[in-house]
Amino acid sequence: MLHAILASSSDKSFWMPQRASSYAGGVDWLFYFIFWLSVFFFFLILGLLVLFIWKYRHRKGHQAQPSPSHSTALELTWTIIPTILVIIIFYFGFRSYLTMAVPPPNAYEIIVTGKMWAWEFAYPNGHVDNVLHVPVDTPVRLVLTSQDVIHSLYVPAFRVKRDAVPGRYNKMWFKATQMGEFDLFCAEYCGQKHSEMITKVVVHDSTEFRKWLEEASNWEVRMTPLQAGAGFYVRRGCNQCHSVDGSQIIGPSFKDLYGVSRVFADGGTAVADENYIRESIREPQKHIVAGYDSSMPSFSEKQLKERDVMALIIYLKSLSSHYKGDLSLTATRPAAQPATQPANQ
Ligand code: CUA
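From a predicted model like this one, the values you see are computed outputs, not experimental measurements.

A. Expanded view of the overall build of the protein. Looking only at helices and strands, the protein has 8 helices and 12 strands in total. Computed over the C-alpha atoms, the radius of gyration of the protein is 29 Å, more than 25% above the 20 Å expected from 2.2 N^0.38 for a compact globule of 345 residues. Along the first, second and third principal axes, the C-alpha atoms of the protein reach 105 × 55 × 35 Å. Burial statistics for the protein: of 345 residues in total, 36% are counted as buried. The contacts of the protein with a sequence gap of at least 6 include a subset with a gap of at least 24, amounting to 61%. Total accessible area computed for the protein in this model is approximately 20500 Å², and 61% of it derives from carbon and sulfur atoms. Of the side chains in the protein, 33 bear a positive and 30 a negative charge, and the two mean positions are spaced by 10 Å.

In structure tokens, the structure reads:
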């Protein structure tokens, strides 16, 4: 009955998360096998201990008997039975390991980059997102790397975890069997905000997934450049180093940055206009502002398209009191505009 509570036939038990991938069942089976085996031997050994303490306790008139120094039958029993159990555990563990280690050749590939302190998921069409979207019942292969320190991608509901290591690519794969949203954590201590390196896996049905990818990679039809710029600020991790409220994190705050005169470490100056912001994104090492270090990564055309840079510039303008233009028209998209373009256009 206890087993029924701990591993109920439903997908969620009170101490295990939902089972939402193809090999979650096998992982749980092995976990419970080892768990109940340990429980069995724990009580067996404890029971015998208590029994022998009682049976061979000191009594008046009882003389202690000499105990046998060797028993072949006993030796064989406690060698053969544990060996068989260990072989069973190894067999099922190694079988599950091999299944997890070898992705099927037709898997859908997503490139994952861990960085302090966010995840980036790059899709085959170039779209980059901070949330992992995958189609249901489809093998998905993740190719993981890191931009800085070691991170570890962990999805409890899928029973998968793999390190993201700088300078190399690790692979993992899974097949989500349930639609919905699941937690995705970083499972390797990676600095101050490690505990905030949390996101979601969204599992779609395959038609919906294609629709999502189409729309997500095509922001012009859904939002204004200002909205898109605010989105990139978070999704591409600018917010890790640049605040929007004037507070200093690692890099200069974006508040009131646009239009201001910048003094560089080498003594040069420039006004923070469109060209300056674009250069700071594309070639941040070219001019380092005095008082800051050169830790800003560069964003190539592949990582951030020209229109995305433009959206970020508009976002920076909206944060600056030095920008005198009118951004009210770009703040919201007119409701009359269709959300997506007609398919037969
Ligand atoms: Cu990344 Cu912890």
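B. Summary view of the sheet that holds strand E7 (residues 160–164). Taken in spatial order, the 5 strands line up as E4-E10-E9-E6-E7 in an open sheet, and their pairing is mixed. Each edge of the open sheet carries a strand with a single partner, namely strand E4 (132–135) and E7. Here the strands of the sheet are splayed against their neighbours by 25° on average, with no regard to which way each runs. Here 4 bridges tie E4 to strand E10 (residues 199–204), and the two strands are oriented parallel to one another. The partner of Pro135 across the bridge, within E10, is His204. In this fold helix H4 (residues 206–216) packs onto E4 and E10, with an angle of close to 140° to the strand it touches most, E4.

C. Structural view of the side chain of Thr199. As for its placement among the helices and strands, Thr199 is situated in strand E10. In terms of polar contacts, Thr199 uses its side chain to reach the backbone carbonyl oxygen of Asn130, at 2.9 Å. Setting aside chain neighbours within four positions, we find Thr199 in contact with Trp119, Phe121, Asn130, Val131, Phe182, Asp183 and Leu184.

D. Region of the structure containing a nonpolar patch on the surface. Judged by side-chain polarity, Phe40, Leu44, Ile45, Leu48, Leu51, Phe52 and Tyr56 come together as a nonpolar surface patch covering roughly 710 Å² of accessible area. The topology assignment puts Leu51 in helix H2 (residues 24–55).

E. View of empty space enclosed by the protein. Under the criterion given, the structure shown has 3 cavities of 30 Å³ or more. Considering only enclosed or pocket space, the largest cavity measures out at about 120 Å³ in volume. Around the largest cavity, the lining comprises 14 residues; the ones closest to its centre are His127, Val128, Phe232, Lys305 and Asp308. Here the residues of the lining of the largest cavity sort into 4 nonpolar, 4 polar and 6 charged.

F. View of the state of the cysteines. Per the counting criterion, the structure on display carries 0 disulfides. Of all cysteine sulfurs, the one in Cys238 lies closest to Cys241, which takes part in no disulfide; the gap is 9.0 Å. Cys241 gets classed as partly exposed once you look at its relative accessible area, which sits at 26%.

G. Focus on the layout of surface pockets. Size it by volume and the largest pocket reaches roughly 870 Å³. Ranked by the residues each element gives to the lining of the largest pocket, the list is headed by helix H6 (residues 274–282), at 4 residues. When its residues are assigned to classes, the lining of the largest pocket shows 21 nonpolar, 10 polar and 5 charged.

H. Representation of the environment of Leu132. In this structure, Leu132 sits in strand E4. Placed 69 residues apart in sequence, Leu132 and Val201 show a C-alpha to C-alpha distance of 4.6 Å. Not counting chain neighbours up to four residues away, the residues in contact with Leu132 comprise Ile110, Phe121, Tyr123, Leu142, Phe174, Leu184, Lys200, Val201 and Val202.

I. Seen up close, the pairing of strand E5 (residues 139–146). Among the 8 residues that make up E5, 8 are buried, leaving the element largely enclosed by the rest of the structure. Residues Pro139, Arg141, Val143 and Thr145 point to one face of E5 and Val140, Leu142, Leu144 and Ser146 to the other, with burial holding for every one of them. Summarising the sheet, strand E1 (residues 108–115) and E5 pair through 7 bridges and their orientation is parallel. Bridged to Glu109 within E5 is Arg141. In this structure, E5 lies alongside strand E8 (residues 170–175), joined through 6 bridges in antiparallel fashion. Opposite Leu142, over in E8, you have Met172 as the bridge partner.

J. Just the environment of Pro284, in detail. Within the fold, Pro284 resides in the loop between H6 and helix H7 (306–318). Residues Pro284 and Met116 lie 168 residues apart in sequence; the distance between their C-alpha atoms is 18 Å. With sequence-adjacent residues up to four places away left out, Pro284 is seen in contact with Glu279, Met296, Pro297 and Ser298.

K. Up close: the sheet that holds E5. Read across the sheet, 5 strands follow the order E3-E2-E1-E5-E8 without closing on themselves; strand pairing throughout is mixed. Two strands in the sheet have a free side with no partner beyond their single neighbour: strand E3 (128–129) and E8.

Procedures and definitions
- Residues numbered from 1 in each chain as written.
- Predicted model: local features only at pLDDT ≥ 70, side-chain atom pairs only at ≥ 80, totals over all residues.
- Heavy atoms only, no water.
- Helix = DSSP H or I, 4+ residues; strand = E, 2+ residues; numbered from the N terminus.
- Rg over C-alpha atoms; globule rule 2.2 N^0.38 Å.
- Buried < 20%, exposed > 50% of the residue type's maximum accessible area, 1.4 Å probe, protein only.
- Contact = heavy atoms within 4.5 Å.
- Areas by Shrake-Rupley, 256 points an atom, 1.4 Å probe, with all protein chains shown as cover.
- Lys, Arg positive; Asp, Glu negative; His and termini not counted.
- Charge placed at Lys NZ, Arg CZ, Asp CG, Glu CD.
- Pairing = 2+ DSSP bridges.
- Axes fitted to C-alpha atoms, helices over the stretch in contact; angles between N-to-C directions.
- Polar contact = N/O pair within 3.5 Å; in protein donor to acceptor, adjacent residues only side chain to side chain.
- Patch = residues over 30% accessible without salt bridge, like charges linked within 9 Å, V, L, I, M, F, W, Y side chains within 5 Å.
- Salt bridge = Lys/Arg side-chain N within 4 Å of Asp/Glu carboxyl O.
- 1 Å grid on protein atoms, 1.4 Å probe; cavity = no way out; pocket = protein on both sides within 12 Å on 5 of 7 lines; lining within 4 Å.
- Points joined across faces, edges and corners; volume = space filled by probe spheres on them.
- Nonpolar A, V, L, I, M, F, W, Y, C, P; charged D, E, K, R; others polar.
- Disulfide = S-S within 2.5 Å.

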